[in-house]
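Given next are the chains, with one letter for each unit.
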Amino acid sequence: MVMPLVLAIAWGCAKAFRGLGAEIAATYLNEKARKHVEPLAQELQAPILMPLDVRVEGQMEAVFERIGKEWGKLDFVVHSIAFAPREALHGRVVDVPREGFLTTMDVSCWTFIRMAHLAEPLMRRGGTLFTMTYYGSQMVVENYNVMGVAKAALESAVRYLAADLGPKGIRVHAISPGPLATRAASGIPEFDRLLNKAKAKAATRSLVSIDEVGLATAFLAHDAARPITGETLYVDGGYHIID
Ligand SMILES: NC(=O)c1ccc[n+]([C@@H]2O[C@H](COP(=O)([O-])OP(=O)(O)OC[C@H]3O[C@@H](n4cnc5c(N)ncnc54)[C@H](O)[C@@H]3O)[C@@H](O)[C@H]2O)c1
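No experiment lies behind these values; they were computed from the predicted model shown.

## Comments concerning the pairing of strand β1 (residues 25-28)
Sheet faces and side chains relate simply in a regular strand, where the side chains alternate between the two faces.
Moving on, step 1. Side chains Ala26 and Tyr28 project from β1 onto a buried face, and the interleaved Ala25 and Thr27 project onto a face without burial.
Moving on, step 2. For β1 and strand β2 (residues 48-51), the ladder comprises four bridges, and the chain directions are parallel. If you follow Ala25 over to β2, its bridge partner there is Ile48.
Moving on, step 3. Traced from β1 through helix α2 (residues 31-43) to β2, the parallel crossover comes out right-handed.

## Examining the nonpolar core
Nonpolar side chains tend to gather and get buried jointly when the protein is soluble and globular.
Moving on, step 1. Counting residues in each nonpolar core, the largest one holds 28 residues, and the members touching the most others are Phe64, Leu74, Val77, Leu129 and Val172.
Moving on, step 2. If you list the elements that add at least two residues to this core, you get β2, α3 (59-70), α5 (98-119), α6 (145-165) and β5 (170-177).
Moving on, step 3. Broken down by element, this core gets its largest block of residues, seven residues, from α5.
Moving on, step 4. Discounting residues that sit within four places of it in the chain, Val77 has contacts with Phe64, Met115, Ala119, Met123, Thr128, Leu129 and Phe130.
Moving on, step 5. Judged by nonpolar contacts, the second largest core, of 25 residues, contains Ala46, Met132, Val213 and Val235.

## Digging into unusual backbone geometry
Moving on, step 1. Phi at Asn145 takes a positive value of approximately 45°, unusual for a residue other than glycine.
Moving on, step 2. Here Asn145 shows up in helix α6.
Moving on, step 3. Given the relative accessible area of 22%, Asn145 is considered partly exposed.
Moving on, step 4. Phi is positive for Arg205, close to 55°, though the residue is something other than glycine.

## Concerning the packing of α3 against α5
Moving on, step 1. One way to put it is that α3 packs onto α5 with a least axis distance of 10 Å and a crossing angle of 30°. Classified by the angle their axes make, α3 and α5 are roughly parallel. For the element pair α3 and α5, the recorded crossing hand is right-handed. Side by side, α3 and α5 meet where Met60, Glu61 and Phe64 of the first sit next to Thr111, Arg114, Met115, Leu118 and Ala119 of the second.
Moving on, step 2. Across the contact of α3 with α5, the residue classes tally to five nonpolar, one polar and two charged.

About the thresholds
Residues numbered from 1 in each chain as written. Predicted model: local features only at pLDDT ≥ 70, side-chain atom pairs only at ≥ 80, totals over all residues. Heavy atoms only, no water. Buried < 20%, exposed > 50% of the residue type's maximum accessible area, 1.4 Å probe, protein only. Helix = DSSP H or I, 4+ residues; strand = E, 2+ residues; numbered from the N terminus. Pairing = 2+ DSSP bridges. Right-handed = clockwise from strand over helix to strand, strands pointing away. Core = buried A, V, L, I, M, F, W, Y, C linked by side-chain atoms within 4.5 Å. Contact = heavy atoms within 4.5 Å. Axes fitted to C-alpha atoms, helices over the stretch in contact; angles between N-to-C directions. Parallel < 35°, antiparallel > 145°, perpendicular 65-115°, else oblique. Left-handed = near helix turned anticlockwise from the far one by under 90°. Nonpolar A, V, L, I, M, F, W, Y, C, P; charged D, E, K, R; others polar.

In structure tokens, the structure reads:
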């Protein structure tokens with residue numbers, strides 16, 4: 001089945017933050033991705049647009065260095081990336097090769113820890129760090145495989161980072177959206193079945209949109225949410241509460 005792809009969750013977040021008055025720094029993976037991201041960045045009047053492949057040494061540092069130079073501070077970070085090599089994602093967890101496992105953990109989990117490290121000195125007056133996770137971290141979801149293992153580590157990292165950075169007024173959250181037919185999701189076999197199941201089982205009997213995920217994320221960045229940190233917030237129409 002050909003699924004109509006929706007734009008990235010990061011785009012939903014960027015629109016919501018911009019709608020509330022934030023200035024946005026955006027990144028794109030490589031030159032191929034640039035032509036898709038550039039018009040969106042222009043729509044948001046993003047003053048900073050930079051390449052960021054987290055596997056290329058120095059690119060992440062360069063992004064935070066520029067933000068430090070131009071803005072001198074940072075209020076929030078949205079880490080909305082994940083990757084698993086095809087052979088690692090498509091196989092049973094019991095068979096996963098070391099290299100595929102390490103790549104999955106590196107891109108999908110460690111990079112969030114590294115971003116927190118680089119953001120900390122720019123959040124002198126506090127801030128909020130976000131990453132995107134999925135229910136497959138808590139329950140065995142068919143075809144989610146090694147990514148579920150990486151998301152479990154990511155959610156744990158969120159709690160440890162929240163404890164590390166809490167005294168500095170920096171809050172850390174994972175957002176756990178229900179399934180969305182984005183590009184990343186198209187790498188998961190039989191994803192349309194997952195969408196149908198989500199719609200049928202969710203308390204709201206509906207799928208979520210990137211705009212809804214963006215608004216929920218923006219809420220947690222707001223001062224009104226200051227006492228909340230270390231959370232995994234489900235934006236899934238209540239899917240996770242139903243047996
Ligand atoms: N789509 C869903 O159903 C769903 C549900 C829950 C959580 N998530 C999570 O949301 C996040 C965003 O995914 P999405 O659904 O918006 O799909 P997406 O494909 O739009 O986003 C994934 C992003 O990861 C980036 N990426 C991959 N490797 C990278 C690297 N080496 N360096 C820098 N960037 C890299 C890609 O360029 C892409 O922009 C991911 O963490 C995903 O696991 C997605």
